Structures are given as structure tokens and as C-alpha cells.
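Below are the chains, spelled out letter by letter.
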Amino acid sequence: MEAAAEARPRVLVVGAGLAGLGAAQRLSSSRAFPHLRLLESTGRAGGRVCSQRFGSEVVEMGAHWIHGPSKENPVFQLASDYGLLDEEAMSEENQQIEVGGHPLLPAVFYSSAGRVLSPELVEGVRNLFSTLLDQTREFLHMPQVSVPSVGEYLRKEIAQQVKEWTDDDETKWLKLAILNTYFKLECCVSGTHSMDDVALGPFGEYAMLPGLDCTFPGGYGGLPDCMLTSLPKESVLFHKPVTAVRWGGSYREESQEGRTFPVQVECEDGERFLADHVIITVPLAPTKHVTLGCASHARPRQLRPAVAGALTAPQGQLGSAGWSSPSQQPTTGTDSQEQLGFLKEHHETFIDPPLPPRKADAIRQLGFGTNNKIFLEFEQPFWPPDCQLIEVVWEDESPLVEAGTDLQASWFRKLIVFLVLQPPERYGHILCGFIAGKESEYMETLSDAAVLTALTDVIRRLTGNPHLAPPKKVMRSQWHSAPYTRGSYSYVAVGSSGDDIDALAQPLPEDAADPRPLQVLFAGEATHRTFYSTTHGALLSGWREADRLLSLYDTSESHQHKPRL
Ligand code: 6YU
């Protein structure tokens, strides 16, 4: 009996985010896998699910909502089973609401001219933007698209529409400025610097589930915590960064005479683990720190070539008012090519033998961007009592005009939305701002004090109140600098497609007839073709890879999908 147990397959899971925890939980509930180890680089479980204290309350530094909380969403199901959601979130009514990914909250729109914009004007522009965004889904199965990116498609359509507008010039420019806010908002949703980086053809492949997005009253972190406690204690090792995964080998252990293992995983502290299978769940940008890029020279704002001629800039509008005046200063920031270069270099040393070309190409081609949060606590709210969302419109901006690239002078312009944390009786007066792209990465390099000062200036300008008291506290996420994440989530970049996601998810060795199959398996949000960038995509990907192993050994439990709670 003992010998039989010893002979059972050894499985390693790298990374204790939802993908890794999901895989480990599924495998540990089968008797076929008594030798399971979960290796996590940091000192906690959850990865990009990360609840942290901010004063007396818990806030989310990473994932915020369950997107589409309804029966088909495994995160919703698991969280409900663990009793982590409130009644409203679990109600049938809530599960049936279809919002198409953008729940509408009572919002106030502040502009850089220090005025509150008319809700009617904003609503019309928002409807236009959502209609155009919905149209992008029509390109999904088309063999060819007229422009490569979502951004270019939207701008082309907007440039057409502008010609039909009968408003006065001031209103036209205001509408364009509002549209620009929606472009930036969409960058946060897609986790990208610019919608020009997001591929048009595959954009519609991202799938939305029904249900009104909900949050965890006690913090999202309750979910990984519950999952963790369901695993055998000794199976999880924290502070174990993996530095190399060697596969296709024949590794021996003194205590296991006569038995060889095809996989050896090496950790930063030198400890090595032998295994039959390893499931890698590290984010698409794996491990190690990359320093922020060097200075380059910013360009002055220009009309975008694709739409030049559609509209010329109004006199005195662009770069006006002496606010973060454009652009003749050095720019500090990252170049997306640098990150791709790093990946190319790094996965060759992380996985040995290196990944087959198709997989390496997929890693290079898929996008992985940054979206950060900035929490600000105020003594007194400056927003109206029923407001749950503050949106910011920079009146001198337009999607048809190239944006300034001087990060130092204008990074804060990318922060265009603040959630008012609900309910105020619990949170007091806390705003959660979202900021994506290179501006977000630049923000990570600043001190808390510098962020607080810049945002105080912004809010004073928006409210037209130069004496508005600054926030009493600030806290922000820094996902691009986090050494084991290096960004926020994946997107399908121009030049890639859902096929790249599938290629990334393919196990090694590629030859299905190999006598030692499924040595290296891949999970994580970036490996889910329709739910990438979400917690449910991550969890499903972990389950998928666990199921691959369960089917390999064809255990009688392989069809039991209920995790041990
Ligand atoms: C969601 C939401 N959400 C905001 C922000 C972020 C994300 N997401 P993990 O990284 O979790 O785990 C890997 C582990 O591996 C980790 O613990 C590492 O420490 C470890 N590791 C790494 N290297 C290692 C090594 N060498 N050795 C050992 N261990 C190692 N998702 O559903 N709702 O509201 C948000 C949001 C700021 C950063 C989010 C949200 C994304 C999820 O957080 C994320 O996908 C999963 O947690 C990832 O889990 P994992 O296990 O794969 O990796 C059309 C179209 C548009 C497409 N996008 C639309 C969707 C919008 C997404 N929503 C985002 C919004 C917010 C606010």
C-alpha cells in the first residue's frame, strides 16, 4: 500500500493565484495525487487578488469585482459556497441582469475647466461610444479587417460622425473631449496603454456573463484564503520563487531508487523539486524585475494621421491654460518593446529546454499591460451624496488629436475615473482611481507625497476650488513593479489572436505520443481564450489543467468537479 502511494505521480504547481489554487484544490481532492506541492514566490496566496487594509477598512489592490456573477461563473459559485457574498449579490434578480460589461453607476462628470458637465450631453456621447464599441464585435470572424486596432476603428468611425454633427464648435470639442475620456476608460478595462494596441479582429472573442458585477463585503482575498485552507498544509510552500523549470530530463532522487522524473524545478534558494508534472501559472510576464526605461524626447501634439483633415484643432484649445503644458521636456517611461524583449530573453532561461517557437511567439505577441488603483481618503466629500462614480474630462483633448507624451508633466491626465467606495457609512469618504498604461507605470516610480500633491492639484482644478483640503491618506497599487507580476492583465494585442492564447495553453511535450506526456502544463488568466484578464478565467484555466492530469490517469474521481470546501 505504502509502495503504491509512493509510486503515484508527483505534481508541482507554480504560483498561488486563483489559477494555481484552483488547480491544486482540484488535484488534492483526488486520491491519485497525494504528492502535490504548490510553490509560491511571495508570502501570501491570491496573486492579483490582493485585499489590503487602508485605515480601518479593507480595499482591493487587484481584482475588484466578480464580472458577471451568475451560475456559469465559477468564482461566483465558489464564493457563494464559501458564504463570502451578500444576499443582494446572490439574488436571482442580480444574476439575470445583463449590463454588457459596463454597469451604470450614478456619476458626476467634472471637467478641467472646473465645471460639472450636463448629464444629458455625457449620456449621448456615452451611447455613441458604446454603440461603436459594440460594433467591434462584428469583426470577430471576418477574414480581414480594414484597420488593425480597436482604437483606429473607433477613431475612424468618430471622424466620420463628427462631419454630421450640427452642434456649435464648443459643443463639438466638448463631445470629443468626453469621447477621449471613454478611450482612457477602455484602456483601464483592457489593461493597455492605448486602444491602438488592442487587436480589432479578436476583440469580440472576450465573453461576458450575465449578472450585475459584485464585490466581496469582507474582501476578495477571502476567496484565496478559503481555497488555501482546503489544501493539505504541508503542500503549500511560500517564499519559494521558482527560477528554472527543466523538463524532458531523467532526474533521480536517492530515496527513490529506480524511479526517474522528467521534470526538475529549481527555486531561488537553491532547493530543487523533482516531478512528473508541473503546472505553471505565473503571469504572462514571468518573474524578475525590469528597470523603467530611459528618457526619450516627447513630440508636440499632432492631429492623428488617420483622421487629419477630419477636424482641425480650435484656436487656443490644445495644450492651453498652462496646465501641464505640452511637451518639450524629456519623457520617462517604458517602451512596450522593452517588455517584449525581456520576455523573449527571460523565458529561455526560465524554461529549459526553451519553449517551442509557436509558444514563444505567442508570449511575444500577446499583450500584457498595466492598470493601477490609487485610493484617496478625504475628511469631507467634495462630490454629491448620491454620487458613486466621478469621471474626469480634459476639455483640451480629443481622440482625433495625438496625445502629449510627456509623462512627468501629464501622467495624471490618464486617471479619468474614481469610484466612490460604497457604502459611505462603512468606508467614510474613499475614492478609488484607475489609471492604465505608461502613465500608470510612471506613477509607480513617484513617491506617495508626489502622487497626493498631483492629484490634489487635479481635484482642485476640477472642482474650481483652489482651497479644497487635500486627501488625508493615499495608497496605490504598483503592479508593474511587482517582481512576480510585472503588469496587471493580458489583452489580445495587434498582431496576435485567440490562437496565441490557445498556443500558450498547450502542454509540453508537444508530441501527444511522448511516453512521458504532460510534463509542463500552463494555466493563468492569459491562457483562457474567452475569459482572459479575469479571476474566473484564471480559476477555469487552473481547473482545465488539473482535469488534463485527472484524465491522463483516468481516475474514478476525474469527473467529480466539486472542490473540497
Ligand atoms: C476580475 C476585476 N480587476 C484590477 C487590477 C488587477 C487585476 N483583474 P496571479 O498573478 O494571480 O497568480 C500568479 C501567482 O504566481 C502569484 O501569486 C505570483 O506571486 C506567483 N509567481 C509568479 N512568479 C513566480 C515564480 N517564479 N515562482 C513562484 N511563484 C510565482 N479580474 O475578474 N475582476 O475587477 C479585476 C483587476 C488592478 C491587477 C484585475 C480583475 C484580473 C485578475 O486579478 C487576474 O486575472 C487574476 O487574479 C489572475 O490570476 P492568476 O492565477 O492567473 O495569476 C473586450 C475585452 C476586454 C477584456 N478585459 C475586460 C475584463 C476586465 C478585467 N477587469 C479588470 C478590472 C479590475 C478592476
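Residues numbered from 1 in each chain as written. Predicted model: local features only at pLDDT ≥ 70, side-chain atom pairs only at ≥ 80, totals over all residues. Heavy atoms only, no water.

In the nomenclature of an unreviewed UniProt entry, the protein corresponds to Amine oxidase domain-containing protein from the organism Mauremys mutica. Of the protein, the UniProt comment under Sequence similarities (unreviewed entry) reads exactly: "Belongs to the flavin monoamine oxidase family." In its Cofactor (unreviewed entry) section, the UniProt record describing the protein reads: "FAD". (UniProt positions renumbered as here; feature names shortened; annotations may be inferred.)

Enquirer: What is the right way to look at the overall build of the protein in this model?
Expert: Along the protein, the regular secondary structure elements total 17 helices and 23 strands. When the 565 residues of the protein are sorted by exposure, 56% land in the buried category. The long-range share in the protein, meaning contacts at least 24 apart out of those at least 6 apart in sequence, stands at 78%. A total of about 24100 Å² of accessible surface is found on the protein, and carbon and sulfur atoms cover 52% of it. (Helix = DSSP H or I, 4+ residues; strand = E, 2+ residues; numbered from the N terminus. Buried < 20%, exposed > 50% of the residue type's maximum accessible area, 1.4 Å probe, protein only. Contact = heavy atoms within 4.5 Å. Areas by Shrake-Rupley, 256 points an atom, 1.4 Å probe, with all protein chains shown as cover.)

Enquirer: Quick question: what am I supposed to make of the sheet that holds strand β2 (residues 35-39) here?
Expert: Neighbouring strands of a sheet are bound in pairs by backbone hydrogen bonds; such pairs are parallel or else antiparallel. The parallel open sheet is built from 5 strands, whose spatial order is β6-β2-β1-β12-β23. Of all strands in the sheet, those bounded by a partner on one side alone are β6 (236-237) and β23 (520-522). Pairing of β2 with β6, which is carried by 2 bridges, proceeds in the parallel orientation. Counterpart to leucine 39 in the pairing with β6 is leucine 237. (Pairing = 2+ DSSP bridges.)

Enquirer: I tried to follow the pairing of strand β20 (residues 430-436) on my own but got confused; where do I start?
Expert: On any regular strand, side chains alternate: one points to one face of the sheet, the next to the other face. For β20, the buried fraction is high: 7 of the 7 residues fall into the buried class. Burial along β20 is two-sided: the face carrying Ile430, Cys432, Phe434 and Ala436 and the face carrying Leu431, Gly433 and Ile435 are both buried. In terms of strand pairing, strand β17 (residues 371-377) meets β20 through 7 bridges, oriented antiparallel. Looking at β20, one finds that leucine 376 is bridged to leucine 431.

Enquirer: Just checking my understanding: could you explain the nonpolar core for this structure?
Expert: Within soluble globular proteins, side chains that are nonpolar tend to cluster in buried spots. In terms of nonpolar packing, the biggest core is built from 86 residues, with Ile374, Phe382, Trp383, Ile390, Trp411 and Leu455 touching the most fellow members. Sorting elements by how many residues they give to this core places helix α8 (residues 169-190) first, with 11 residues. Ala19, Ala45, Val49 and Tyr82 belong to the second largest nonpolar core, which has 42 residues in total. (Core = buried A, V, L, I, M, F, W, Y, C linked by side-chain atoms within 4.5 Å.)

Enquirer: Would you explain the pattern of salt bridges in this entry?
Expert: A pair can form between side chains of opposite charge whenever their charged atoms are brought close. Scanning the entire structure with this criterion turns up 30 salt bridges. Between glutamate 253 and arginine 10 there is a salt bridge; the shortest N-O distance is 2.7 Å. Separated by 243 residues along the polypeptide, glutamate 253 in the loop between β8 (251-252) and β9 (260-261) and arginine 10 in strand β1 (residues 10-14) bring together distant segments of the chain. Assessed through its relative accessible area of 26%, glutamate 253 is described here as partly exposed. On the accessibility criterion, arginine 10 (17% relative accessible area) is buried. (Salt bridge = Lys/Arg side-chain N within 4 Å of Asp/Glu carboxyl O.)

Enquirer: Explain the confidence of the model for the protein here, please?
Expert: Low-pLDDT portions of the prediction should not be read for the details of their coordinates. In the predicted model, the protein carries a mean pLDDT of 88, and 85% of its residues have values of at least 70. Counting contacts from residues 286-302, a segment whose pLDDT is below 50, to residues more than four positions away or on other chains yields 56 contacts. Confidence drops under pLDDT 50 across residues 305-345; counting only partners more than four residues distant or on other chains, this segment forms 89 contacts. (pLDDT = per-residue confidence, 0-100.)

Enquirer: How do you make sense of the environment of glutamate 525 when you look at a structure like this?
Expert: Along the chain, glutamate 525 falls in the loop between β23 and α17 (535-553). In this structure, the C-alpha to C-alpha distance between glutamate 525 and threonine 281, residues 244 residues apart in sequence, is 8.4 Å. Only 2.9 Å separates the side chain of glutamate 525 from the side chain of arginine 48, close enough to count as a polar contact. Within the structure, the side chain of glutamate 525 is placed 2.8 Å from the backbone nitrogen of serine 533, a separation counted as a polar contact. (Polar contact = N/O pair within 3.5 Å; in protein donor to acceptor, adjacent residues only side chain to side chain.)

Enquirer: Help me out: how do you make sense of unusual backbone geometry in this one?
Expert: Glycine aside, residues mostly have negative phi, and peptide bonds are mostly found in the trans state. Put simply, aspartate 352 and proline 353 share a cis peptide bond, and its omega is 0°. You can see proline 353 is positioned in the loop between β15 (351-352) and α11 (357-365). With an omega of 0°, the peptide bond running from leucine 508 to proline 509 counts as cis. Residue placement: proline 509 occurs in the loop between α16 (498-505) and β23.

Enquirer: Got a minute to help me understand a negative patch on the surface in this structure?
Expert: There is a patch of like negative charges on the surface, built from Asp86, Glu87, Glu88 and Glu93. Within the secondary structure layout, glutamate 87 lies in helix α4 (residues 87-90). When its relative accessible area of 72% is taken as the criterion, glutamate 87 is described as exposed. (Patch = residues over 30% accessible without salt bridge, like charges linked within 9 Å, V, L, I, M, F, W, Y side chains within 5 Å. Lys, Arg positive; Asp, Glu negative; His and termini not counted. Charge placed at Lys NZ, Arg CZ, Asp CG, Glu CD.)

Enquirer: So what exactly am I meant to see when it comes to the sheet that holds β15 here?
Expert: With respect to topology, 4 strands assemble into an open sheet ordered β11-β10-β7-β15, the strand pairing being mixed. The two strands at the open ends of the sheet, each matched to only one other strand, are β11 (272-275) and β15. Two elements, strand β10 (residues 263-267) and β11, share 4 bridges in a ladder whose sense is antiparallel. Pairing of valine 263 across the sheet is with alanine 275, part of β11.

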